[in-house]
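Each chain is listed here by its residues.
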Amino acid sequence: MQSSVAVIGAGSWGTALAMVLADNGCKVSMWARRQEVVDEILSERSNSKYLPGIRLPETIYPTADLQHAIKGHHYVLVAVPSVGFRNTMRELSAFLSSDVKVIHATKGLDKDNLIRLSQVMLEEVPQLKPVNLAVLTGPSHAEEVSRRSPTTVVVASQNRVTAETFQDLFMNSYFRVYTNPDVVGAELGGALKNIIALGAGISDGLGFGDNAKAALMTRGLMEISRLGLQLGAAQMTFAGLAGIGDLIVTCTSKHSRNWRAGYQLGQGKTIDEVLSSMNMVVEGIYATKAAFQLAERHQVEMPITTAIHSVLFEGRSPRAGVEDLMGRGKTHEMEEVARISMSWES
Ligand SMILES: NC(=O)c1ccc[n+]([C@@H]2O[C@H](COP(=O)([O-])OP(=O)(O)OC[C@H]3O[C@@H](n4cnc5c(N)ncnc54)[C@H](O)[C@@H]3O)[C@@H](O)[C@H]2O)c1
Ligand SMILES: O=P(O)(O)OC[C@H](O)CO
């Protein structure tokens, strides 16, 4: 039987994932906020603002009517920016039945309550069953997926059947899907890597080299893992696609919006100038604010996040932010390793 999927969000990511599902023989309805996007898809088979030059399959049916988008579908994929996530789920709530399986592909945190987005889903749509929820994350730029370039991602769910159902729905010859039971780690890896991508962009914008970027990525992963473990993630998840995999793609790719925003900051633009020059979401800005507050709340050391927070929200210059990082007191690379090493006993 043909699977039918509702995709909520017609930006770059929602559209690229709708294409994967259409390629896999699914009937896909895709909700766009703006009627112009619907009209363009219907008349031109393109979504030129978000995926220029890409022809969309005929089996993607766009609509600006949320109820119409959802009606009769067994699976729902949510791919809206984190700032609009709670409201979108609230609006969806009226139309979602309790047996539907829902996966989200948004990389961010709830800005007000500092919780993960699957937790927001359950708050806003109480009839949803936790076993029916999943998260899709990993190193995946929409521009490449829409060109059917080989890509690997992770589907995380606390329920194996749900994880494998979405694995089967999305997987094909250019889109390889792994499963993982660690929803916490998958969501945090995807949200927090955006902060480090901003840092990598700032570093490049300042004219620093590969050494600095490798340092940011490695030490960045360290602080992502530190906060992740505190919040209940499994350490190994950060060594996988949702952790180091996504960090590599987002810190080194010309497609990365977070890197591009950071690059302009490093070149001396203000955050307002950067945001007005970009027509796509820069999740790292919101993630920095949320992670900074979480780090304070849980007493987790996150020096890179703190430095980027000072640049974004406290008027510190990017160069001064780097000086803050390089001038920190000396530490072991890994406190845990130093602690268990017999030969290091004092
Ligand atoms: N683009 C990628 O390559 C990619 C890959 C993986 C994950 N993601 C994640 O997917 C999410 C969506 O990103 P994107 O790249 O599609 O963004 P985008 O900037 O390409 O498009 C954003 C879409 O969301 C809509 N939107 C904007 N504000 C909204 C709101 N308040 N409520 C509902 N809809 C709103 C816009 O109209 C647009 O359709 C982000 O969390 C992003 O991190 C993106
Ligand atoms: O373009 P970015 O920086 O928002 O990253 C997009 C994806 O999250 C990469 O996996």
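Computed from a predicted model, the values in this text were never measured in an experiment. (Residues numbered from 1 in each chain as written. Chains lettered and ligands numbered in written order. Predicted model: local features only at pLDDT ≥ 70, side-chain atom pairs only at ≥ 80, totals over all residues.)

Below, the discussion takes up the overall build of the protein chain. Of the regular secondary structure elements, the protein chain holds 16 helices and eight strands. Taking 346 residues into account, the globule formula puts the C-alpha radius of gyration at 20 Å, and the protein chain, at 20 Å, falls close to it. Projected onto its principal axes, the C-alpha positions of the protein chain cover 65 × 45 × 35 Å. Expressed as a percentage of the 346 residues in the protein chain, the buried residues total 50%. If you take every contact in the protein chain between residues at least 6 apart in sequence, the share linking residues at least 24 apart comes to 71%. (Helix = DSSP H or I, 4+ residues; strand = E, 2+ residues; numbered from the N terminus. Rg over C-alpha atoms; globule rule 2.2 N^0.38 Å. Buried ≥ 20, exposed ≤ 12 C-beta atoms within 10 Å, placed from the backbone. Contact = placed C-beta atoms within 7 Å.)

The environment of ligand 1 is formed by 27 residues, the closest being G11, S12, W13, G84 and M280. The element contributing the most residues to the shell around ligand 1 is helix 1 (residues 12-23), with three residues. Split by residue class, the shell around ligand 1 holds 12 nonpolar, 11 polar and four charged. (Near = placed C-beta within 6 Å. Nonpolar A, V, L, I, M, F, W, Y, C, P; charged D, E, K, R; others polar.)

This part is about helix 4 (residues 85-93). Residues of helix 4 that are buried include every one of F85, T88, M89 and L92, and no others. Down the axis, helix 4 shows its buried residues gathered within 100° of arc, on one side only. (Arc of directions from axis to C-beta.)

Within the open sheet, the eight strands sit side by side as 3-2-1-4-5-6-7-8. Their pairing is mixed. Edge positions in the sheet fall to strand 3 (60-63) and strand 8 (175-180), since each of these pairs with one other strand and no more. Shown here is a sheet whose adjacent strand axes are inclined to one another by a mean of 25°, direction ignored. (Pairing = 2+ DSSP bridges. Axes fitted to C-alpha atoms, helices over the stretch in contact; angles between N-to-C directions.)

On to the UniProt feature "binding site: sn-glycerol 3-phosphate" (unreviewed entry) in the protein chain, then. Here the UniProt feature "binding site: sn-glycerol 3-phosphate" (unreviewed entry) sits at K107, G138, S140, K193, D246, S256, R257 and N258. Its location among the elements puts S256 in the loop between helix 10 (241-252) and helix 11 (257-266). S256 has contacts with A197 and T250, leaving out every residue within four places of it along the chain. Following the sequence through the fold, R257 ends up in helix 11. (UniProt positions renumbered as here; feature names shortened; annotations may be inferred.)

As a further point, take the site of ligand 2. Of all residues adjacent to ligand 2, which total 15 residues, the nearest are S140, T250, S256, R257 and N258. Elements represented by at least two residues in the shell around ligand 2 include exactly helix 8 (183-205), helix 10 and helix 11. Of the residues assigned to the shell around ligand 2, the class counts are four nonpolar, seven polar and four charged. Here the shell around ligand 2 spans two domains, and each of domain 1 (4-181) and domain 2 (193-339) adds at least three residues to it. (Domains from an automatic or database assignment.)

Here we take up the UniProt feature "domain: Glycerol-3-phosphate dehydrogenase NAD-dependent N-terminal" (unreviewed entry) in the protein chain. In the numbering used here, UniProt assigns the feature "domain: Glycerol-3-phosphate dehydrogenase NAD-dependent N-terminal" (unreviewed entry) to residues 5-160. Structurally, residues 5-160 comprises 31% helix and 21% strand, and the distance from its first C-alpha atom to its last is 20 Å.

One can describe the packing of helix 9 (residues 210-230) onto helix 14 (residues 303-313) by two numbers: an axis separation of 8 Å at closest approach and a directional angle of 105°. In terms of their interaxial angle, helix 9 and helix 14 are classed as roughly perpendicular. Along its contact with helix 9, which presents L216, R219, G220 and E223, the element helix 14 presents P303, I304 and T305. Looking at the contact of helix 9 with helix 14 residue by residue, the classes come out as three nonpolar, two polar and two charged. (Parallel < 35°, antiparallel > 145°, perpendicular 65-115°, else oblique.)

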